[in-house]
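Remarks on the overall topology
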Amino acid sequence: MTRATRAVINLAALQHNLEVARRAAPYSLVMAIIKANAYGHGLSQVARALSKADAFGVATLDEALQLRAAGIHQPITLLEGFTRAEQLAKLRLHQFDVVLHHEQQLEILEAHPGVPVGVWFKIDTGMHRLGFAPQRVNTIYQRLLACGAVKKPIAFFTHLANADVREDTRTTVQLQLFHQTIDALQLSPAPVTCAANSAGILGCKASHSAWVRPGIMLFGVSPFVDSRAAEHELQPVMTLHSELIAVNQHPKGAAIGYGGTYVCPETMPVGVIAIGYGDGYPRHAKSGTPVLVNGQPVPLIGRVSMDMISVDLRSLPQARIGDPVILWGEGLSVEEIAQHADTIGYQLLCGVTTRVPYEYQN
Ligand SMILES: *Cc1c(COP(=O)(O)O)cnc(C)c1O
């Protein structure tokens, strides 16, 4: 057998989480967001398992091409659109839709007549990252209408900046601005819109519209700062496994690992586990971060190394080399590990490195 360190991806849990999104937004179509290698879970495997998604959203043209190469036929939206005219041929060939968020993209389309490209017209309602300011929407909309390279009808898009904080009034303000701006165009029939991310889907019905865009919730992680996945009936998709590769007795006063930041308060068994920041385990995880050894939580001690971490085994004196370890996933939420490492579950999931083999379970 090779190194026991591996990420097991539970595809049934992924499909269950898609159903949770559907139940939460029953009148909306679902654009499953699977950028960044499906949040670190494997792009094509995840897309194939999400055959019931109505569409997919990715960040880059390369991700979209990878999906088509994997035989994915659903509509695919490029969430950042495009930046260069050379990209248009591939967009057209594979029928990718784009988020159109900048005047330069419109200029490129105007200068390159051809097969019309599907666009999500993005309004910046407060995130202040991508999108047109509301006061420019009318003018730009008229140009989009007049542009033969833009498929009609045009759909509208915005992104929420604070939906992860439930009841945040800034979300209401963004949604009001979104709908006021669109209403002012007086379109009939009313256009297709899309605003909700996972937090909007689970926490803000007012953000649901023709389409919703779940990302992190599909992977079984709560999008909220103040709740865990289980409260939303989400199931973890990735479980990161490893094993004990050493159990050593160290005397009182022994300092563990680089920098000796943890000093043994008494003679105690210390376990060494084959996982480190070279695998994507966060280097900033503090002493006290829980790790499951034989299903029991024990605290991380000392600094995380590239290939190893150490744990306090005083509560598990019977633990032995080869015993199974879970770093996050089933039985230990990635949100909890993220909190101990001053980051978010998103980053930990995306950050699993190519050294770690993936195993897919149906
Ligand atoms: C990443 C992303 C999403 C999904 O966000 P989650 O918080 O993971 O649900 C939705 N929309 C856009 C534009 C995104 O970039």
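In case you missed it, the structure is sitting above this.
What you see is a predicted model, and the numbers here were worked out from it, not measured in a lab.

1. Points about helix α7 (residues 137-146)
Among all positions in α7, only V137, I140, Y141 and L144 are buried. Relative to the axis of α7, the buried residues are bounded by an arc of 105° and lie together on one face. Of the exposed residues in α7, the ones pointing more than 90 degrees away from its buried face are T139 and A146. The secondary structure elements touched by the buried residues of α7 are β5 (97-100), α6 (103-111), β6 (119-122), β7 (155-157) and α8 (169-183).

2. A closer look at the environment of T289
By secondary structure assignment, the location of T289 is in the loop between β13 (268-273) and β14 (290-293). Expressed as a C-alpha distance, the spacing of T289 and L300, which sit 11 residues apart in the sequence, is 5.2 Å. Not counting chain neighbours up to four residues away, the residues in contact with T289 comprise Y281, V298, P299, L300, I337 and H340. Side-chain polar atoms of T289 contact the backbone oxygen of K286, separated by 2.6 Å.

3. A word on the packing of aromatic side chains
One pass over the structure, following the stated rule, counts 10 aromatic pairs. Aromatic side chains F121 and F156 sit 5.4 Å apart centroid to centroid with 40° between the ring planes, which places their arrangement in the tilted category. A residue pair is termed long-range when its members are at least 10 positions apart, and F121 in strand β6 and F156 in strand β7 qualify at 35 residues. Relative accessible area serves as the criterion here: at 0%, F121 is assigned to the buried category. With a relative accessible area of 0%, F156 lands in the buried category. Every member of this aromatic cluster is reached through a ring pair, and the members are F121, F132, Y141 and F156.

So, how was this worked out
Residues numbered from 1 in each chain as written. Predicted model: local features only at pLDDT ≥ 70, side-chain atom pairs only at ≥ 80, totals over all residues. Heavy atoms only, no water. Buried < 20%, exposed > 50% of the residue type's maximum accessible area, 1.4 Å probe, protein only. Helix = DSSP H or I, 4+ residues; strand = E, 2+ residues; numbered from the N terminus. Arc of directions from axis to C-beta. Contact = heavy atoms within 4.5 Å. Polar contact = N/O pair within 3.5 Å; in protein donor to acceptor, adjacent residues only side chain to side chain. Phe/Tyr/Trp six-rings, centres within 6.5 Å; stacked < 30°, edge-to-face > 60°.

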